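Spelled out from the first residue to the last, the chains are:
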Amino acid sequence: MINITKTIQKILEKHYYLHLYAITQLVRNEWVLDADVKNAEDMINWLILEDIKTNWINSTFIKVGLEQYALRKESELENLFSYIKCRLSNFIFWEINHHDIKYSNELFWKDIFSEIWKLHVMLDKLKSNWKIASYTPISNKQVIVWF
């Protein structure tokens, strides 16, 4: 199991985030899984979620979406960036909802989205670090983010 966890970590080092299916396929490509493993996705999902549940804020991984995972970075900004990349992969418009608050609690072990000014401060820092091009608050809990 340690080999699989290390392989997942190595795979995620190259990406902001990946879907569980992609992680599973890449782990299979590394020949870490036995060919007879039937529920590889379930096993990998369990390994990642167990690491998150057991190690909390010190976990190797973060959950950034439904069956979407990333490596936990040292800074909250980097973790927020991974989350934003996943959350806004299809749209630039972001309406913060209860799902975001749930992920915030799993990611940061606190809610950073309820007080919108905290998010704006973090987005300003991401912009000054050239991680995002810009953002525009539309209304309370609605933001447009450009990469």
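Predicted model, so just to flag it, every value in this text is computed and none were measured.

**Description of the packing of aromatic side chains**
For any pair of aromatic rings, the description consists of the separation of the ring centres together with the inter-plane angle of the planes. The full count for this structure, using the stated rule, is seven aromatic pairs. Between the aromatic rings of Y83 and W94, the centroid separation amounts to 6.3 Å while the plane-to-plane angle is 55°, which identifies the pairing as tilted. Taken together, the residues span a long stretch of sequence, with Y83 in helix α4 (residues 76-87) and W94 in strand β4 (residues 93-95) at a distance of 11 residues. Ring plane angle 45° and centroid distance 6.0 Å describe the contact between Y83 and Y103, whose orientation is recorded as tilted. Linking Y83 in helix α4 with Y103 in helix α5 (residues 98-108), this pair joins segments that are 20 residues apart in sequence. Judged by relative accessible area, Y103 falls into the buried class, the value being 11%. An aromatic cluster is defined as three or more aromatic residues linked by ring pairs; in this entry it consists of Y83, W94, Y103 and F113. Above the face of the Y103 ring, K102 is positioned so that its terminal group lies 4.9 Å from the ring centre. Residue placement shows K131 over the ring face of F81; its charged tip is 5.4 Å from the ring centre.

**Side note on helix α2 (residues 20-29)**
Taken residue by residue, α2 has L20, I23, T24 and V27 as its buried positions. An end-on view of α2 places all buried positions within 100° of arc, on one side of the element. Once α2 finishes, W31 follows within two positions and takes phi at roughly 65°, a positive value.

**Quick notes on the nonpolar core**
Counting residues in each nonpolar core, the largest one holds 26 residues, and the members touching the most others are L80 and W94. For this core, the secondary structure elements donating two or more residues are β2 (61-65), α4, α5, α6 (116-128) and β6 (142-146). A per-element tally of this core places α4 first, with six residues. Ignoring sequence-local partners within four residues, the contact set of L80 consists of F108, I112, F113, L119, M122 and L126. Listed in part, the 16 residues of the second largest apolar core include I8, L20, V27 and L71.

**What about the sheet that holds strand β5 (residues 134-139)?**
Ordered by their spatial adjacency, three strands build an open sheet running β4-β6-β5, and the pairing between neighbours is antiparallel. Pairing within the sheet leaves two strands with one partner each, and these edge strands are β4 and β5. Taking the axes of each pair of neighbouring strands and ignoring which way they run, one obtains an average angle of 25° across the sheet. Judged from the five bridges that link them, β5 and β6 form a sheet pairing that is antiparallel. By the bridge assignment for β6, T136 is matched with I144. Across the sheet, α6 is in contact with β4, β5 and β6; its angle to β5 comes to roughly 160°.

Rules of the game
Residues numbered from 1 in each chain as written. Predicted model: local features only at pLDDT ≥ 70, side-chain atom pairs only at ≥ 80, totals over all residues. Heavy atoms only, no water. Phe/Tyr/Trp six-rings, centres within 6.5 Å; stacked < 30°, edge-to-face > 60°. Helix = DSSP H or I, 4+ residues; strand = E, 2+ residues; numbered from the N terminus. Buried < 20%, exposed > 50% of the residue type's maximum accessible area, 1.4 Å probe, protein only. Lys NZ or Arg CZ within 6 Å of the ring centre and 35° of its normal. Arc of directions from axis to C-beta. Core = buried A, V, L, I, M, F, W, Y, C linked by side-chain atoms within 4.5 Å. Contact = heavy atoms within 4.5 Å. Pairing = 2+ DSSP bridges. Axes fitted to C-alpha atoms, helices over the stretch in contact; angles between N-to-C directions.

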